[in-house]
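# Structure assessment
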Amino acid sequence: MREYLPVLMFIIVGIGFAGVTLGVSQFIVPRRSSAKKMAPYECGVEPVGTARQRVEIKFYLVAVLFILFDIEAVFLYPWAVAFRRLGLYGLIEMVLFVAVLLVGYLYLLQKKALDWNSPS
Amino acid sequence: MKRLLADALQKYHVWAAEHPDPTFAIWAFIKIFIILNVTLVVVSYLVWAERKICGRMQGRFGPNRVGWFGLLQPWADVVKLFFKEEFVPGSANKVLYSIAPALAIVPALISFSIVPFGPGLHVTDLNVGLLLFLAMSSIGVYAVTLGGWASNNKYALIGGLRSSAQMISYELAMGISTIGVLLLAGSLSMVDIVKAQEHTWFVAFQPVAFLMFMITAFAETNRTPFDLPEAESELVAGFHTEYSSMKFGLFFLGEYSNVITICSIAVTLFLGGWNGPWLPQSLKFLWFFAKLAVLVFVFVWARWTLPRFRYDQLMDLGWKVLLPVSIANVMLTAVVVYMRVPR
Amino acid sequence: MIPTAWPLAVSAVLFTIGIIGVLVRRNAIVIFMSVELMLNAANLAFVAFGDALKTLDGQVFVFFVMAVAAAEVAVGLAIIVNLFRLRESVFVDEINLLKG
Amino acid sequence: MIPALFIGFSLLLLVSGLMVVLHKSPVTSAMFLVVAFCALAGIYILLHAEFIGMVQVIVYAGAIMVLFLFVIMYLNLGHDPEHGATILLRRLIGWIAGALVVLQGAMLFAGRWALGPTSTEAPPLGGNTQALGQLLYSRFLFPFEITSLVLLVAMVGAIVISKGRSTRTPDPIPHAPHAGLQAVLRPGDTVTPPTPPGGGEA
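Owing to the predicted nature of the structure, the values given are computational and were not obtained by experimental measurement.

Along chain C, the regular secondary structure elements total three helices and zero strands. Helices and strands appear in chain C in the N-to-C order α-α-α. A compact globule built from 100 residues should have a C-alpha radius of gyration of about 13 Å, whereas chain C, at 17 Å, is more than 25% larger. Dimensions along the principal axes, computed over C-alpha positions, put chain C at roughly 55 × 25 × 20 Å. The proportion of buried residues among the 100 residues of chain C is 68%. Carbon and sulfur atoms form 77% of the exposed surface of chain C, whose accessible area is close to 3,000 Å². Separation of charge centres in chain C, based on 6 positive and 7 negative side chains, amounts to 8 Å.

Dropping the structure here:
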């Protein structure tokens with residue numbers, strides 16, 4: 001339990017460093033703001049419309065598939081660490097697990113869910 | 001004078017023997033303080049080195065005005081960044097806008113707590129060490145997403161989304177490519193992994209995993225050839241379009257310290273950490289820093305030679321090549337380890 | 001050391017906060033986040049009992065709860081996105097497709 | 001020392017949990033949820049569940065919340081407008097539930113539980129992950145294999161629902177209220193009356 005203390009201290013020191021740097025820069029920085037400077041940067045052109053446009057559905061799909069395969073990766077960690085004691089059964093179990101998810105992966109490829117330039 | 005020093009040391013040993021916990025905490029704090037400062041200096045000189053090497057590659061000198069061989073250039077940059085004016089876009093979400101840079105640098109620094117620089121030289125040795133690194137790199141995605149969204153700018157929003165989609169796709173392949181190493185080492189703790197590489201480095205057993213780890217390392221730090229979302233020709237400056245002065249400085253610092261973090265993890269996992277032939281036990285950490293320097297040079301070298309990927313090529317490579325290959329590699333390693341382990 | 005009552009109390013309070021979120025908020029996404037809070041409160045209770053009885057079963061169960069929660073979020077948000085496409089709003093008061 | 005850390009993490013967890021529920025803008029409440037998950041990971045580590053703590057950060061704080069952020073950005077949500085009669089009723093529920101929370105917390109904190117304090121020594125078989133791995137893949141084999149099916153179903157479901165009927169344009173709902181769209185945009189923005197939703201947009 002004691003070896004986690006340095007990690008916590010590192011987190012606190014890291015946040016402290018970032019906070020101090022941002023805080024100091026708040027005071028030192030000259031402030032001469034004007035409407036022109038405050039407008040969002042559009043390569044010098046007059047900004048048009050709000051910046052909050054609709055975002056494509058593909059980013060949503062990437063995030064979903066990331067979660068599901070991340071769960072698969074997380075299941076692989078304890079298996080990999082305890083593999084020497086699990087032996088053949090461990091191997092067969094994991095092959096089954098990965099095979100089922102491979103079916104999902106093939107379905108994903110077949111449905112072209114992640115093709116960026118296909119007009120969906 | 002020497003006698004004074006001797007009994008001071010003696011008193012310290014007595015005090016340390018009585019209550020171990022506070023001494024452990026003080027030593028940890030000293031190590032952390034040293035690592036934080038050394039990292040910041042090394043990162044700023046990595047920026048200098050990159051500009052020098054890039055200059056040499058393009059047949060010019062690179063920074064040599066400020067100080068001898070431009071060695072004071074990083075300090076000049078830091079002072080400049082502190083004093084530049086700050087433009088916070090009008091309707092930006094102030095709080096998230098200023099949290100994003102902190103989220104870029106803090107996870108990169110925290111991953112240093114588990115890196116074993118030398119035989120005894122590590123801040124802490126967790127028995128879930130590698131997972132802390134993966135957890136911190138998955139927290140790093142928020143810096144990009146929030147940076148893009150909070151700065152209320154069209155380019156920043158799209159750039160931020162594209163970079164975070166790229167980072168999460170490659171983070172997956174990175175996680176799975178490290179599993180081959182776990183199969184061989186049998187433990188998640190970084191010190192055990194390095195000890196397991198006493199005779200042969202894991203890059204010999206896992207060349208494919210090492211190659212994939214390096215590819216995902218490039219993508220994870222948003223560096224060429226995977227830096228399309230923030231490429232100059234593409235989306236102005238991607239997610240840090242609206243950032244200026246020290247906030248941009250923190251993003252910049254975060255990116256470079258991420259490069260060093262990922263390279264030191266790659267050295268620990270695949271290139272045998274501090275193991276090396278000739279040096280005595282006490283000087284082994286020189287091996288670690290030599291390998292780290294080689295890997296960081298590869299990063300800098302790739303930036304000025306390789307062309308940039310198009311976004312769909314980049315995503316296809318992540319999902320359709322790296323993911324299946326890394327899973328196949330894990331399965332293959334498992335079969336080989338099962339065969340070779342003596343019954 | 002940590003008496004077992006403390007993590008259980010925190011888990012109970014967190015679960016109640018999750019219920020408040022589901023009841024009070026109108027935005028489907030925030031309702032979904034409160035459901036995540038409730039799931040995590042249950043996970044905390046599992047880990048607390050697992051640690052008190054010194055068995056690892058609690059942690060294995062939390063592992064499976066996480067896997068199922070991830071699958072649930074994936075499909076749930078797909079439904080919310082589709083609802084938004086149909087009705088252009090994500091506020092649960094206005095989504096009454098089943099009304100006569 | 002350890003109880004003080006535990007109280008710190010729990011306070012952080014409960015405060016950010018409350019902020020998730022109470023805050024107006026969904027992105028800020030999503031970020032508070034990330035803080036809550038990290039605090040929860042800290043509590044797990046204090047309760048000797050190191051592997052679960054790390055997995056909590058990787059899966060919940062690192063993956064699920066990214067999906068929440070992407071969906072919030074996709075739905076282009078501004079602040080939640082507070083209007084309509086439901087406000088009064090909702091405030092009432094809020095206060096009652098708040099009182100319930102405080103009462104519950106106090107009662108449990110004070111209550112004596114039959115189980116003794118948690119142990120200090122690490123779990124028996126070597127590292128936490130190793131022991132967990134052996135247990136997970138020997139006694140809990142069946143739920144493990146079922147989980148892969150659950151993930152498969154979720155994958156197929158998510159793809160079908162989101163790519164779904166984009167080829168067939170969904171039939172326009174006759175009285176689709178534009179009020180919803182108006183409520184979504186901030187009052188300052190002018191919007192030309194949109195074509196009825198359900199055009200074949202991506």
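Structure shown, so let's carry the discussion forward.
Put simply, an interface is often sized by how much accessible area is lost when its parts join up. On the side of chain B, 23 residues touch chain D, which itself brings 21 residues to the contact. Per-residue buried area on chain D facing chain B is highest for Met54, Phe70 and Met73 of chain D; these three make up 30% of the total on that side. Our count for the chain D to chain B interface comes out at three residue pairs in polar contact (both at pLDDT 80 or more). Where the side of chain D that touches chain B is concerned, the elements lending two or more residues are α2 (26-46), α3 (50-75) and α5 (128-138) of chain D.

Moving on, we come to helix α4 (residues 83-110) of chain A. All names here are of chain A. In this model, α4 (28 residues) spans only 33 Å end to end at C-alpha, well below the 40 Å of a helix rising 1.5 Å per residue. Along α4, the sharpest kink reaches roughly 70°, centred on tyrosine 89. Directly after α4, the chain includes lysine 112, whose backbone phi takes a positive value near 50°.

The next thing to look at is the interface of chain C and chain D. On the chain D side, the residues contacting the 70 residues of chain C number 90 residues. By the criterion of area lost to chain D, the three top residues of chain C are Met1, Ile2 and Met33 of chain C, representing 9% of everything that side buries. Inspection of the region where chain C meets chain D yields one salt bridge. At the junction of chain C and chain D, the tally comes to five residue pairs in polar contact (both at pLDDT 80 or more). Considering each element in turn, the side of chain C that touches chain D owes the most residues, 24 residues, to helix α3 (residues 57-87) of chain C. Counted by class, the side of chain C that touches chain D contains 50 nonpolar, nine polar and eleven charged residues.

This paragraph deals with a nonpolar patch on the surface. Residues and elements named next belong to chain B. Taken together, the side chains of Leu9, Tyr12, Trp15, Ile26, Trp27, Ile30, Ile34, Val38 and Val42 define a hydrophobic patch exposed on the protein surface, amounting to about 810 Å² of accessible area. Every element with two or more residues in the nonpolar patch is listed here: α1 (2-18) and α2 (20-57). The element best represented in the nonpolar patch is α2, accounting for six residues. When you line up the elements, isoleucine 30 lands in helix α2.

Turning our attention to the domain arrangement of chain D. Domain annotation of chain D identifies domain 1 (1-81) and domain 2 (126-164). The straight-line distance from the C-alpha centre of domain 1 of chain D to that of domain 2 of chain D is 23 Å.

Glancing now at the side chain of histidine 122 of chain B. By the secondary structure assignment, histidine 122 of chain B is in the loop between α4 (94-110) and α5 (129-150). Excluding anything up to four places from it in sequence, histidine 122 of chain B contacts Lys31, Val115, Pro116 and Val191 of chain B.

Another aspect to go through is the pattern of salt bridges. It is possible for side chains of opposite charge to pair when their charged atoms get near one another. Residue and element names in this part refer to chain B. Scanning the entire structure with this criterion turns up five salt bridges over all chains. Across the pair aspartate 77 and arginine 51 runs a salt bridge, and its minimum N-O distance is 3.3 Å. Of the two residues, aspartate 77 sits in helix α3 (residues 73-83) while arginine 51 sits in helix α2, which places them 26 residues apart along the sequence. The exposure class assigned to arginine 51 is partly exposed, which follows from its relative accessible area of 36%.

Thresholds, definitions, all that
Residues numbered from 1 in each chain as written. Chains lettered and ligands numbered in written order. Predicted model: local features only at pLDDT ≥ 70, side-chain atom pairs only at ≥ 80, totals over all residues. Heavy atoms only, no water. Helix = DSSP H or I, 4+ residues; strand = E, 2+ residues; numbered from the N terminus. Rg over C-alpha atoms; globule rule 2.2 N^0.38 Å. Buried < 20%, exposed > 50% of the residue type's maximum accessible area, 1.4 Å probe, protein only. Areas by Shrake-Rupley, 256 points an atom, 1.4 Å probe, with all protein chains shown as cover. Lys, Arg positive; Asp, Glu negative; His and termini not counted. Charge placed at Lys NZ, Arg CZ, Asp CG, Glu CD. Contact = heavy atoms within 4.5 Å. Buried area = accessible area lost by both parts, 1.4 Å probe. Polar contact = N/O pair within 3.5 Å; in protein donor to acceptor, adjacent residues only side chain to side chain. Expected span 1.5 Å × (residues − 1). Bend = angle between axes of the 7 residues up to and from the residue. Salt bridge = Lys/Arg side-chain N within 4 Å of Asp/Glu carboxyl O. Nonpolar A, V, L, I, M, F, W, Y, C, P; charged D, E, K, R; others polar. Patch = residues over 30% accessible without salt bridge, like charges linked within 9 Å, V, L, I, M, F, W, Y side chains within 5 Å. Domains from an automatic or database assignment.

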